[in-house]
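The lines below spell out each chain.
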Amino acid sequence: MEIKAASESLAVLGHEGRLSVLRLLMRRMPQGARPGEMAEALGMKPNTLSAYLSALEAAGLIAAERQGRAITYTACLPGIGGLIDYLYADCCRGRPDICTPAAFRAGVSLEERMEDRVYNALFICSGNSARSIFAESLLRDVGKGRFNAFSAGTKPHSELNPYALEVLERAGHDVSGMRSKHVSEFQEPGSPVMDFVFTVCDTAANEECPPWPGQPITAHWGVADPVKATGTDAEKALAFSRAYAELRRRIIAFAALQIGELEKVALQRKLDDIGRDA
């Protein structure tokens, strides 16, 4: 990247509103977001958001894809990566004392963190009542001892959904110790250090969240909310079964990865590929 392009990108990101839009789209990777839901999540007026999106797209930091009459925006990783590479190699001259993330300067190496062992994985949703509970149960059973699976919600006072428990019991999962948990339980001193953190609903991915200790690998595996299903009891139950089946495909693919043999970038790409599976 040339200095002119880098300065233009930095100028675009030098605005709180435009930076907020990019941060939201990065949290939603590998999936994107439509303008309406971005405006609602960020509390922005549609015309203001439109101006921010145009500036970010012109700078090569985001990309738009038209699907019928709707437009979905995603973060443009080559553009963002080019800017970070420029800052690292040119401005900072590759100095490890300022360019390496603080979590790794004082901690173990990436290779040591990804060696074969038991990994901690956390699944986050807004309510921790269905989708994240599905993911926790699935990884606990499908992972066969390779993972410590956890789940949590961003909203307080959530409760397990009875339809979700019925699906789990019918699939043979032990739900006797299941409970709804708030994400703050995993942000306290002494909490397990996570190797993987997944958001499984768009609402949770939209929310601001401080970086996790240890810089775990993160991914967004958005699944439609079965709690919002309407109709008969049978139709509602079907929505929960579909959410469970979608997460089951992803968890099986995740558990099959040879994590200890993959370097971090390759592992991130595989997690993103799994997240694109609808």
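Before any of the text, the structure's been laid out above.
Structural notes, computed from the coordinates. (Residues numbered from 1 in each chain as written. Predicted model: local features only at pLDDT ≥ 70, side-chain atom pairs only at ≥ 80, totals over all residues. Heavy atoms only, no water.)

Details of the overall build of the chain
To be explicit about the condition: The way it works is that DSSP assigns letters per residue, a run of H or I at least four long becomes a helix, a run of E at least two long becomes a strand, and they are numbered from the N terminus. C-alpha atoms define the radius of gyration in this analysis, and the globule rule sets the expected value at 2.2 Å times the number of residues to the power 0.38. Buried, partly exposed and exposed residues are distinguished by accessible area as a fraction of the type maximum, computed with a 1.4 Å probe on protein chains only: under 20%, between the cut-offs, and over 50%, respectively. Note on contacts: a residue pair qualifies if any of its non-hydrogen atoms lie within 4.5 Å across the two residues. All accessible areas in this document rest on Shrake-Rupley with a 1.4 Å probe, and a residue is counted as covered only by the protein chains that are shown. We count Lys and Arg on the positive side and Asp and Glu on the negative side, and we leave His and both chain ends out. Lysine's charge is taken at NZ, arginine's at CZ, aspartate's at CG and glutamate's at CD.
From N to C terminus, the chain includes 13 helices and six strands. Here the C-alpha radius of gyration of the chain, 20 Å, is about what a compact globule of 278 residues would show, namely 19 Å. Across its three principal axes, the chain shows a C-alpha extent of roughly 60 × 45 × 30 Å. When the 278 residues of the chain are sorted by exposure, 41% land in the buried category. Within the chain, contacts between residues at least 6 apart in sequence are counted, and of these 70% link residues at least 24 apart. Carbon together with sulfur atoms contributes 54% to the accessible area of the chain, which is approximately 14500 Å² in total. For the chain, the centre of its 32 positive side-chain charges and the centre of its 35 negative side-chain charges are spaced 3 Å apart.

Examining the pattern of salt bridges
Quick note on the threshold: Salt bridges, as used here, are contacts in which a Lys or Arg side-chain nitrogen is within 4 Å of a carboxyl oxygen on Asp or Glu.
Under the counting rule described, the total for this entry stands at eleven salt bridges. Glu8 is the partner of Lys4 in a salt bridge, and the nearest nitrogen-oxygen pair spans 2.5 Å. Of the two residues, Lys4 and Glu8 both sit in helix 1 (residues 3–13), four residues apart, roughly one turn of that helix. Classification of Lys4 by relative accessible area gives exposed; the value is 56%. Judged by relative accessible area, Glu8 falls into the partly exposed class, the value being 41%.

A look at the sheet that holds strand 5 (residues 196–199)
We count it as follows: We treat two strands as partners when DSSP finds at least two bridges between them. As a rule, the C-alpha atoms of each element are fitted with a line to give its axis, helices using only the stretch in contact, and angles between N-to-C directions run from 0 to 180 degrees.
Within the open sheet, the four strands sit side by side as 4-3-5-6. Their pairing is parallel. Two strands in the sheet have a free side with no partner beyond their single neighbour: strand 4 (147–153) and strand 6 (217–220). Averaged over all pairs of adjacent strands, the angle between their axes in this sheet comes to 20°, without regard to strand direction. Summarising the sheet, strand 5 and strand 6 pair through four bridges and their orientation is parallel. If you follow Phe198 over to strand 6, its bridge partner there is Ala219.

With respect to the packing of aromatic side chains
To describe a pair of aromatic rings, one takes the distance between the centres and the angle between the planes. For clarity, the threshold we go by: Note on aromatic contacts: the rings of Phe and Tyr and the six-membered ring of Trp form a pair at centre separations within 6.5 Å, being stacked when their planes are under 30 degrees apart, edge-to-face when over 60 apart, and tilted otherwise.
Tallying each qualifying case throughout the model produces twelve aromatic pairs. Taking the centre distance of 6.0 Å and the plane angle of 75° together, the rings of Tyr119 and Phe196 count as edge-to-face. In this pair, Tyr119 is assigned in strand 3 (residues 119–125) and Phe196 in strand 5, connecting sequence segments 77 residues apart. Side by side, Tyr119 and Phe196 carry an identical accessibility label, which is buried. The interplanar angle of 75° and the centroid separation of 6.0 Å between the aromatic rings of Trp221 and Phe254 together place this pair among those described as edge-to-face. On the criterion of sequence distance, the pair formed by Trp221 in the loop between strand 6 and helix 12 (233–255) and Phe254 in helix 12 is long-range, its members being 33 residues apart. A relative accessible area of 0% places Trp221 in the buried class.

Quick look at the packing of helix 9 (residues 131–142) against helix 10 (residues 162–170)
Defined as follows: Orientation categories follow fixed angle ranges, with anything under 35 degrees roughly parallel, anything over 145 roughly antiparallel, 65 to 115 roughly perpendicular, and all other angles oblique. We call a crossing left-handed when the near helix sits turned anticlockwise from the far one by less than a right angle, and right-handed when that turn is clockwise. Following the grouping adopted for this structure description, the nonpolar residues are Ala, Val, Leu, Ile, Met, Phe, Trp, Tyr, Cys and Pro, the charged ones are Asp, Glu, Lys and Arg, and the polar ones are all others, Gly among them.
At a closest axis distance of 10 Å, the pairing of helix 9 and helix 10 adopts a crossing angle of 20°. Viewed along their axes, helix 9 and helix 10 adopt a mutual orientation that is roughly parallel. As helix 9 packs across helix 10, the resulting crossing turns out to be right-handed. Here Ile133, Phe134 and Ser137 of helix 9 lie close against helix 10, whose contacting residues are Ala164, Val167 and Leu168. For the contact of helix 9 with helix 10, a count of residues per class yields five nonpolar, one polar and no charged.

Remarks on helix 9
Put simply, the rule reads: To estimate the expected span of a helix, count its residues, drop one, and scale the result by 1.5 Å.
With twelve residues, helix 9 extends 16 Å from end C-alpha to end C-alpha; this agrees with the ideal 16 Å at 1.5 Å per step. The buried count for helix 9 comes to nine of twelve residues, which makes it a mostly enclosed element. If you check which residues of helix 9 are buried, you get Arg131, Ser132, Ile133, Phe134, Ala135, Glu136, Ser137, Leu138 and Leu139. For helix 9, the elements touching its buried residues are strand 3, strand 4, helix 10 and helix 12.

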